[in-house]
Amino acid sequence: MTRVVVLGAGMVGAACARELALAGFAVTVVDRSGPAAGTTAHGEGNVLVSDKGPGPELELAKLSRELWPAILDGDPNAAAAEWDPKGGIVVATTAEGADALAEFAEGQRKAGVTAGEMDATALAAAEPHLTRDAAMAVHYPEDAQVQPAGAATALLAAAVRAGAGLRTGREVLGAVRRGGRITGLRTSAGTIEGDAVVNAAGPWSGEVARRLGVRLDVRPRRGEVLVTAPMPPTVFHKVYDADYVGAVGSAAEDLQASAVVEATRGGTILLGSSRRRVGFDDRIRPEVLSVIAAKALRLFPMLAEVPVIRAYGGFRPFVPDHLPVIGPDPELDGLWHATGHEGAGIGLSAGTAAVLRDLMLGREPAIDAAPFRADRPAVQSEGESL
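Residues numbered from 1 in each chain as written. Predicted model: local features only at pLDDT ≥ 70, side-chain atom pairs only at ≥ 80, totals over all residues. Heavy atoms only, no water.

Novice: Just checking my understanding: could you explain the overall build of the protein for this structure?
Specialist: The number of helices and strands found in the protein is 11 helices and 19 strands. A compact globule built from 386 residues should have a C-alpha radius of gyration of about 21 Å, and the protein, at 20 Å, falls within 12% of that. Taking the principal axes of the C-alpha coordinates as reference, the protein spans close to 65 × 40 × 40 Å. Put simply, the protein has 386 residues, and 56% of those count as buried. A fraction of 75% describes how many contacts in the protein between residues 6 or more apart in sequence connect residues 24 or more apart. Here the protein displays about 14,800 Å² of accessible surface, and carbon together with sulfur accounts for 52% of that area. With 38 positive and 47 negative side-chain charges, the protein shows a spacing of 6 Å between the two charge centroids. (Helix = DSSP H or I, 4+ residues; strand = E, 2+ residues; numbered from the N terminus. Rg over C-alpha atoms; globule rule 2.2 N^0.38 Å. Buried < 20%, exposed > 50% of the residue type's maximum accessible area, 1.4 Å probe, protein only. Contact = heavy atoms within 4.5 Å. Areas by Shrake-Rupley, 256 points an atom, 1.4 Å probe, with all protein chains shown as cover. Lys, Arg positive; Asp, Glu negative; His and termini not counted. Charge placed at Lys NZ, Arg CZ, Asp CG, Glu CD.)

Quick look at the structure:
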């Protein structure tokens, strides 16, 4: 039986461990802290197709959206995932934004995404507390949400039931090689042997790759979220300003922010989002939170009277060309990568795991995996220091 070591017990690592264990691999998951303790614990849980234009990432998102319900169906821990196919609404608040949103939505429809324009009456019925100053709105019924830590824990538990092992508190120090191939890992708690290694370490994937002796240009990108006090039902979809798509696609190092508003099952409302390239500086910046709050109020003015009870932030695995890295490493035989999803890792994890599984089994994946290869220029560039 082929032994596979999966580095990272977050959402992507848990999804990969589950798929590989179910496919018959002997899987060991290794994490320097604990399950879902890093990026996964600091996300919103989005499973989106609405924010991706036609291309390989959208195809991966469509595959993932198809797989998520099947993965959770009948799982004894599915309730922890809090699967909610609530749908999304994208709102343009200016005439210029409306033109851009209309063009973007039309391209998505041609790529097979359901995207329906909403008139003022339909929008008010769907989101009664939303601003009436919307120039255009598009409804995406395929958008969904999960509770990220709960979903990752459910997938990791499924992997364990399928025979996977979990080793936490182990930091990767380097690779064990034999004949030009990776055959194990040196960790802070000893050596772990394996026939293959999957680097699913999220924002730390670039540093992990460096320790293993290869190049992988994955960098951290910081994001923050505000959380309100629990409220009666107020926001019924994932609602965001059309500027969000531009913020996601930007490679700028300075603050990129847009209004993203959605409720949780517990009644709190999550307000995002921001993107900053600040390395691993984990300080919460009040000025960033102010920008997030101001943009959220533009969509939902009634939130001005709602208390904010906390704020949190985390790091996302950024790749310069904004595509995940899925597949074998070009320099080290036996090393595979499943990383670089930036803020979309929760939603894309299901499709990523399925593609990785098929590649490792020598099968043709359900979508073209070539755009995600680890030997493309954006991934092999030296990039900047972490």
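Novice: Can you help me understand helix α9 (residues 286–299) in this one?
Specialist: Side chains that are three or four residues apart share a direction in an α-helix, a result of its 3.6 residues per turn. A rise of 1.5 Å per residue sets the reference length of α9, with its 14 residues, at 20 Å; its end C-alpha atoms lie 21 Å apart and thus fit the reference within 8%. What α9 keeps buried is the set Val288, Leu289, Ile292, Ala296 and Leu299. In a view along the axis of α9, the buried residues occupy a sector of 95°, so they form one face of it. Looking at the buried side of α9, the elements it contacts are β4 (88–92), β13 (219–228), β14 (238–241), β15 (256–263), β16 (269–275) and β17 (308–318). (Expected span 1.5 Å × (residues − 1). Arc of directions from axis to C-beta.)

Novice: Explanation requested: the domain arrangement of the protein in the structure shown.
Specialist: Once the domains are mapped, the protein shows domain 1 (3–72 + 148–218 + 321–380) and domain 2 (88–141 + 220–318). Here the C-alpha centre of domain 2 lies 27 Å away from the C-alpha centre of domain 1. Both sides of the domain 1 and domain 2 interface together cover about 2,300 Å² of buried area, and 58% of this is carbon and sulfur. Taken together, the links from domain 1 to domain 2 amount to 2 salt bridges. Put simply, Arg221 and Glu342 hold a salt bridge, and the shortest N to O gap is 2.6 Å. Connecting domain 1 to domain 2 are 12 residue pairs in polar contact (both at pLDDT 80 or more). (Domains from an automatic or database assignment. Buried area = accessible area lost by both parts, 1.4 Å probe. Salt bridge = Lys/Arg side-chain N within 4 Å of Asp/Glu carboxyl O. Polar contact = N/O pair within 3.5 Å; in protein donor to acceptor, adjacent residues only side chain to side chain.)

Novice: I tried to follow the pattern of salt bridges on my own but got confused; where do I start?
Specialist: It is possible for side chains of opposite charge to pair when their charged atoms get near one another. All told, the structure shown has 27 salt bridges when counted by the stated rule. Residues Asp75 and Arg161 are paired through a salt bridge, measuring 3.2 Å at the closest nitrogen-oxygen approach. Taken together, the residues Asp75 in the loop between α2 (56–72) and α3 (78–81) and Arg161 in helix α6 (residues 148–161) connect sequence positions 86 residues apart. One salt bridge connects Asp281 with Arg285, and the closest N-O pair in it is separated by 3.6 Å. Owing to a relative accessible area of 26%, Arg285 belongs among the partly exposed residues under this scheme. What emerges from the salt-bridge pattern is a single network uniting Arg18, Glu19, Arg357, Asp358 and Arg363.

Novice: Would you mind showing me how to read the environment of Ile269 here?
Specialist: Residue placement: Ile269 occurs in strand β16. A relative accessible area of 1% means that Ile269 is categorised as buried. Separated by 168 residues in the primary sequence, Ile269 and Leu101 place their C-alpha atoms 25 Å from one another. Setting aside anything within four residues of it in sequence, one finds Ile269 in contact with Leu226, Val227, Thr228, Met231, Thr234, Val235, Val261, Glu262, Ala263 and Leu303.

Novice: I tried to follow the side chain of Arg221 on my own but got confused; where do I start?
Specialist: Inspection of the secondary structure puts Arg221 in strand β13. Arg221 sits in the buried class, given a relative accessible area of 0%. Side chain to side chain, Arg221 and Glu342 meet in a polar contact 2.6 Å long.

Novice: Would you explain the pairing of β14 in this entry?
Specialist: On any regular strand, side chains alternate: one points to one face of the sheet, the next to the other face. The alternating pattern of β14 places Lys238 and Tyr240 and Val239 and Asp241 on opposite faces, both of which are buried. Across 4 bridges, β4 lies against β14 in parallel orientation. The residue bridging Gly88 from the neighbouring strand is Lys238, located in β14. (Pairing = 2+ DSSP bridges.)

Novice: Help me out: how do you make sense of the UniProt feature "signal peptide" (unreviewed entry) in the protein in this one?
Specialist: The UniProt feature table records "signal peptide" (unreviewed entry) at residues 1–17. End-to-end, the C-alpha atoms of residues 1–17 are 15 Å apart, and along that stretch the chain is 41% helix and 29% strand. (UniProt positions renumbered as here; feature names shortened; annotations may be inferred.)

Novice: I tried to follow unusual backbone geometry on my own but got confused; where do I start?
Specialist: What you tend to see is this: most non-glycine residues have negative phi, and most peptide bonds are trans. For the peptide bond that leads from Gly272 to Ser273, omega is 0°, which places it in the cis range. Assignment of secondary structure puts Ser273 in strand β16. Phi at Ala36 is positive, roughly 55°, even though this residue is not glycine.

Novice: Which parts of the structure should I look at to understand the packing of α2 against helix α10 (residues 345–360)?
Specialist: Two packed helices can be described by the angle between their axes and the distance between those axes. Running from N to C, α2 and α10 point in directions that differ by 90°, and their axes come no closer than 7 Å. Looking at the two axes, α2 sits roughly perpendicular to α10. For the pair α2 and α10, the contacting residues are Glu57, Leu60, Ala61, Leu63, Ser64, Leu67, Trp68 and Ile71 in the first and Ile346, Gly347, Leu348, Ser349, Ala350, Gly351, Thr352, Ala354 and Val355 in the second. The class makeup of the residues in the contact of α2 with α10 is 11 nonpolar, 5 polar and 1 charged. (Axes fitted to C-alpha atoms, helices over the stretch in contact; angles between N-to-C directions. Parallel < 35°, antiparallel > 145°, perpendicular 65-115°, else oblique. Nonpolar A, V, L, I, M, F, W, Y, C, P; charged D, E, K, R; others polar.)

Novice: Could you clarify how one ought to interpret the environment of Tyr312 in this entry?
Specialist: When you line up the elements, Tyr312 lands in strand β17. The sequence separation of Tyr312 and Val138 amounts to 174 residues, and the corresponding C-alpha distance is 29 Å. For Tyr312, the side chain forms a polar contact with the main-chain oxygen of Gly43, separated by 3.1 Å.

Novice: When you look at the sheet that holds β14 in this model, what are you seeing that I'm missing?
Specialist: The pairing of strands in a sheet comes from backbone hydrogen bonds and takes either a parallel or an antiparallel form. Strand order in this open sheet of 8 strands is β5-β6-β4-β14-β15-β16-β13-β17, and the pairing throughout is mixed. Both outer strands of the open sheet, β5 (116–118) and β17, are each paired with one neighbouring strand and no more. Looking at each pair of strands side by side, their axes are set apart by 25° on average, direction ignored. Across 2 bridges, the pairing between β13 and β16 is antiparallel. Bridge pairing in β16 places Val227 opposite Leu270. Each of β4, β5 and β6 (136–140) touches helix α4 (residues 95–110); the most contacted strand, β6, lies at about 25° to it. Packed onto the sheet, α9 meets β4, β13, β14, β15, β16 and β17 and runs at close to 60° relative to β15.

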